[in-house]
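# Observations on chain architecture
Okay, here's what each chain looks like letter by letter:
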Amino acid sequence: MGCDGGTIPKRHELVKGPKKVEKVDKNAELVAQWNYCTLSQEILRRPIVACELGRLYNKDAVIEFLLDKSNDKALGQAASHIKSIKNVTELKLSDNPSWSGDKGNTKGDKYDDLQRARFICPVVGLEMNGRHRFCFLRCCGCVFSERALKEIKAEVCHTCGVPFQEDDVIVLNGNKEDVDVLKKRMEDRRLKMKLEKKFKKPKAVESASKSDVTKESPGSSKVKGLKYEETSLNSKEKKLISSQKTAGTNGNSSGKISKSSSGTTKRSIADSEESEAYKSIFTTHSSAKRSKEESSNWVTHTSYCF
């Protein structure tokens, strides 16, 4: 059964109590948040981007995530709110001159100060290691410490001079309360953008139709004037054509009458002043006429038939 040989067991060895909750080392958590990518769990390297919730990513990892949707679900949940590359902002970070990286500890025989950060605040000089709250501006991507923004109050960025509003300030790696506030802002901002797009489309269509109408309005008046002129010209042409027709019909009738009158008033060759030899060719000449005795009893259509 055990417990012999003079061993004295203690109470926690015999009685099983509730398991203690494992506590996460704060230093290790800070190092993971500020030095590693939230999506790929790799060391942060430039270009570094941040989402609207204040999480840090490698830009290459975000692009791969957007292109390949078959990534690990556990890692994909951290970036499920990123729908396009426009939802992240590339950060403009200031290097820490006192940070040497892993160059001095190639053999592993030196102490690595985990509190030493790669980047610092360009205004105050605080290191971005998680001990101090940092934030970035969504409009330009510049990164500052929260202390710098509170001490130097301005509506313009301290480094690039771009104007910003309070909603453009996003806390990096904030607590749960900060994440909830940022998430609500993100949803409101996206909803506002959707509504603006919906209102812009009909306005753009209306403006295009109005511009077409304004462009066509002088042309339409010209077209109307041309149509009026064409109709007036057509009416004039019709009148002219009708007058010409009436004149033509009158001329034709007069020509017919003149022809008929000329046909009725034909001159005979016998009355003409031509020679007798020329007159003898025609049947109306006296030499072509026959007497009653010489003429036959039957009658033909032509008078010169024998």
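Look a little higher up for the structure.
Residues numbered from 1 in each chain as written. Predicted model: local features only at pLDDT ≥ 70, side-chain atom pairs only at ≥ 80, totals over all residues. Heavy atoms only, no water.

## What about the overall build of the protein chain?
Which entries qualify depends on this criterion: For helices the rule is a DSSP run of H or I covering at least 4 residues; for strands it is a run of E covering at least 2, with both sets numbered from the N terminus onward. When a residue's accessible area, from a 1.4 Å probe over protein chains only, is under 20% of the maximum for its type it is buried; when over 50% it is exposed; and in between it is partly exposed. When checking whether two residues touch, look at their non-hydrogen atoms; a contact exists if any pair is within 4.5 Å. Where accessible areas are quoted, they stem from the Shrake-Rupley method and a 1.4 Å probe; at the residue level, only the protein chains shown are allowed to cover.
For the protein chain, the count of helices and strands is 7 helices and 8 strands. Expressed as a percentage of its 306 residues, the buried residues of the protein chain come to 22%. For the protein chain, contacts bridging at least 24 residues in sequence account for 46% of all contacts bridging at least 6. In the structure as shown, the protein chain presents an accessible area of about 23,900 Å², 55% of it carried by carbon and sulfur atoms.

## Focus on helix H3 (residues 59–67)
Quick reminder of the rule: Note: the arc covers the axis-to-C-beta directions of the helix.
Residues of H3 that are buried include every one of Ala-61, Val-62, Phe-65 and Leu-66, and no others. All buried residues of H3 project into a common sector of 135° when viewed along the axis, lining one side. Along H3, exposed side chains directed more than 90 degrees from the buried face belong to Glu-64 and Leu-67.

## Remarks on the sheet that holds strand S2 (residues 56–58)
As a reminder, the rule being used: Strands qualify as paired when DSSP identifies two bridges or more between them.
If you trace the 3 strands from one edge of the open sheet to the other, you get S2-S1-S3, paired in antiparallel fashion. Two strands in the sheet have a free side with no partner beyond their single neighbour: S2 and strand S3 (89–90). Where strand S1 (residues 48–50) and S3 come together, 2 bridges link them in antiparallel fashion. Residue pairing across strands places Ala-50 opposite Thr-89, the latter belonging to S3.

## Let's talk about the side chain of Asn-173
Which entries qualify depends on this criterion: Throughout this description, a polar contact denotes any pair of N or O atoms lying within 3.5 Å of each other; where both atoms belong to protein, one of them has to be capable of donating a hydrogen while the other can accept it, and for residues adjacent in sequence the pair is counted only when both atoms sit in side chains.
Topologically, Asn-173 is positioned in the loop between strand S8 (169–171) and helix H6 (176–264). A distance of 3.4 Å separates a polar atom in the side chain of Asn-173 from the backbone oxygen of Gln-33. Sequence-distant contacts of Asn-173, defined by excluding residues within four places in its chain, comprise Gln-33, Trp-34, Gly-54, Arg-55 and Leu-56.

## Some points on a nonpolar patch on the surface
Heads up, the condition is: Note that patches include only residues with greater than 30% relative accessible area and no salt bridge, and the join distances are 9 Å for like charges and 5 Å for nonpolar side chains (Val, Leu, Ile, Met, Phe, Trp, Tyr). Salt bridges are identified by distance alone: a Lys or Arg side-chain nitrogen within 4 Å of an Asp or Glu carboxyl oxygen.
Together, Ile-63, Leu-67 and Ile-85 make up an exposed nonpolar region whose accessible area comes to about 290 Å². Along the chain, Leu-67 falls in helix H3. Residue Leu-67 is classed as exposed on the basis of its relative accessible area, which comes to 72%.

## Focus: helix H2 (residues 26–35)
Among all positions in H2, only Leu-30, Val-31 and Trp-34 are buried. The arc that holds every buried residue of H2, seen down its axis, measures 100°, which confines them to one face. Where the residues of H2 are buried, they touch S2 and strand S6 (134–137).

## A short note on the sheet that holds S6
Pairing between sheet strands relies on hydrogen bonds along the backbone, with the strands arranged either parallel or antiparallel. To keep it simple, the criterion reads: Inter-axis angles, ranging from 0 to 180 degrees, are taken between N-to-C directions of lines fitted to C-alpha atoms, where helices are fitted over the stretch in contact.
Spatial strand order, S7-S6-S8: 3 strands in an open sheet with antiparallel pairing. Only two strands of the sheet have a single partner each, and these edge strands are strand S7 (143–145) and S8. When strand polarity is set aside, the average angle formed by the axes of neighbouring strands in this sheet is 35°. Two elements, S6 and S7, share 3 bridges in a ladder whose sense is antiparallel. Within S7, the position partnered with Cys-135 by the bridge is Phe-144.

## Observations regarding the environment of Lys-83
Along the chain, the position of Lys-83 falls in the loop between helix H4 (73–76) and S3. In sequence terms Lys-83 and Phe-65 are 18 residues apart; their C-alpha atoms lie 9.8 Å from each other. Apart from residues no more than four positions distant in its own chain, Lys-83 is found in contact with Leu-66 and Arg-190. Looking at Lys-83, its side chain comes within polar contact range of the main-chain oxygen of Ser-80, at 3.2 Å.

## Remarks on the pattern of salt bridges
Scanning the entire structure with this criterion turns up 8 salt bridges. Linking Asp-95 and Arg-46 is a salt bridge whose minimum nitrogen-to-oxygen distance equals 2.8 Å. Here Asp-95 is found in strand S4 (residues 94–95), whereas its partner Arg-46 is found in the loop between H2 and S1, with 49 residues between them in sequence. By relative accessible area, Asp-95 is classed as partly exposed at 48%.

## Brief notes about the state of the cysteines
Note the threshold: Put simply, a disulfide is two cysteine sulfurs that come within 2.5 Å.
Per the stated rule, a full pass over the model turns up 0 disulfides. The thiol sulfur of Cys-121 is not disulfide-bonded, and the nearest other cysteine sulfur, from Cys-135, lies at 8.6 Å. With a relative accessible area of 2%, Cys-121 lands in the buried category.

## Remarks on the environment of Arg-118
One can find Arg-118 in the loop between S4 and strand S5 (119–120). Owing to a relative accessible area of 22%, Arg-118 belongs among the partly exposed residues under this scheme. In the structure, Arg-118 is positioned 24 residues away from Ser-94 in sequence and 8.5 Å away in space, judged by C-alpha atoms. The contacts of Arg-118, once residues within four sequence positions are left out, are Ile-43, Leu-44, Arg-45, Ser-94, Asp-95, Asn-96 and Trp-99.

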